[in-house]
Amino acid sequence: MKPLLEQLKKRRIALGLKQKDMLLRIGVSRQQYQHLESKGNPRLNTLELIAKGLKSELILIPTEKLNLVKEILENETLSSPTSENTASKQNEASTLANDP
């Protein structure tokens with residue numbers, strides 16, 4: 001259970017959220033959420049609720065596919081989403097500028 005709880009914390013931090021922010025996102029107080037992240041044993045429906053609040057999904061990954069999924073996720077974090085967004089916005093601006 002510990003690796004899953006660590007993943008929840010990493011995801012929350014990656015989104016720039018504090019534990020107290022989870023109250024508005026999923027209706028769990030800071031104290032309850034802190035307990036879940038540190039040593040909790042949440043029920044499945046609680047995990048689904050937390051995942052939704054963290055803009056994530058809970059899925060079962062077959063063991064033989066786990067390394068492939070991890071590689072995809074690592075490559076995703078290595079690519080710069082801001083540069084992709086900038087290029088997309090530039091293309092959109094260019095298209096709009098050429099629109100009669």
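In the block above lies the structure referred to throughout.
Calculation notes
- Residues numbered from 1 in each chain as written.
- Predicted model: local features only at pLDDT ≥ 70, side-chain atom pairs only at ≥ 80, totals over all residues.
- Heavy atoms only, no water.
- Helix = DSSP H or I, 4+ residues; strand = E, 2+ residues; numbered from the N terminus.
- Buried < 20%, exposed > 50% of the residue type's maximum accessible area, 1.4 Å probe, protein only.
- Contact = heavy atoms within 4.5 Å.
- Salt bridge = Lys/Arg side-chain N within 4 Å of Asp/Glu carboxyl O.
- Arc of directions from axis to C-beta.
- Core = buried A, V, L, I, M, F, W, Y, C linked by side-chain atoms within 4.5 Å.
- Polar contact = N/O pair within 3.5 Å; in protein donor to acceptor, adjacent residues only side chain to side chain.

Caption draft 1: Spatial organisation of the overall build of the chain. Along the chain, the regular secondary structure elements total six helices and zero strands. Scanning the chain from its N terminus toward the C terminus, one meets helices and strands in the order α-α-α-α-α-α. A buried classification covers 19% of the 100 residues belonging to the chain. Here the analysis covers contacts within the chain between residues at least 6 apart in sequence; of these, 53% occur between residues at least 24 apart.

Caption draft 2: View of the pattern of salt bridges. Applying the stated rule across the entire model yields one salt bridge. With a closest N to O distance of 2.7 Å, Arg12 and Glu37 form a salt bridge. Within this pair, whereas Arg12 is found in helix H1 (residues 2-14), its partner Glu37 is found in helix H3 (residues 30-39), the two being separated by 25 residues in sequence. Here the two residues Arg12 and Glu37 agree in accessibility, since each one is buried.

Caption draft 3: Main features of helix H4 (residues 44-53). Where H4 is concerned, the buried positions are Thr46, Leu47, Ile50, Ala51 and Gly53. Within H4, the buried residues cover an arc of 160 degrees as seen down the axis, which keeps them to one side. Exposed residues on H4 whose side chains face more than 90 degrees from its buried face are Leu44 and Lys52. The first or second residue beyond H4 is Lys55, which carries a positive phi of 50 degrees.

Caption draft 4: Structural view of the nonpolar core. Core analysis: the biggest nonpolar cluster contains 11 residues, these being Leu5, Leu8, Leu17, Met22, Ile26, Val28, Tyr33, Leu36, Leu47, Ile50 and Leu54. Discounting residues that sit within four places of it in the chain, Ile50 has contacts with Leu8, Ile26, Tyr33 and Leu36.

Caption draft 5: Representation of the environment of Arg11. Mapped onto the fold, Arg11 is located in helix H1. Distance in space between the C-alpha atoms of Arg11 and Lys55 is 8.9 Å, their sequence separation being 44 residues.

Caption draft 6: Just the side chain of Glu37, in detail. Residue Glu37 is classed as buried on the basis of its relative accessible area of 9%. For Glu37, the side chain forms a polar contact with the side chain of Arg12, separated by 2.7 Å. If we ignore the near neighbours within four places in the chain, the residues touching Glu37 are Leu5, Leu8, Lys9, Arg12 and Gln19.

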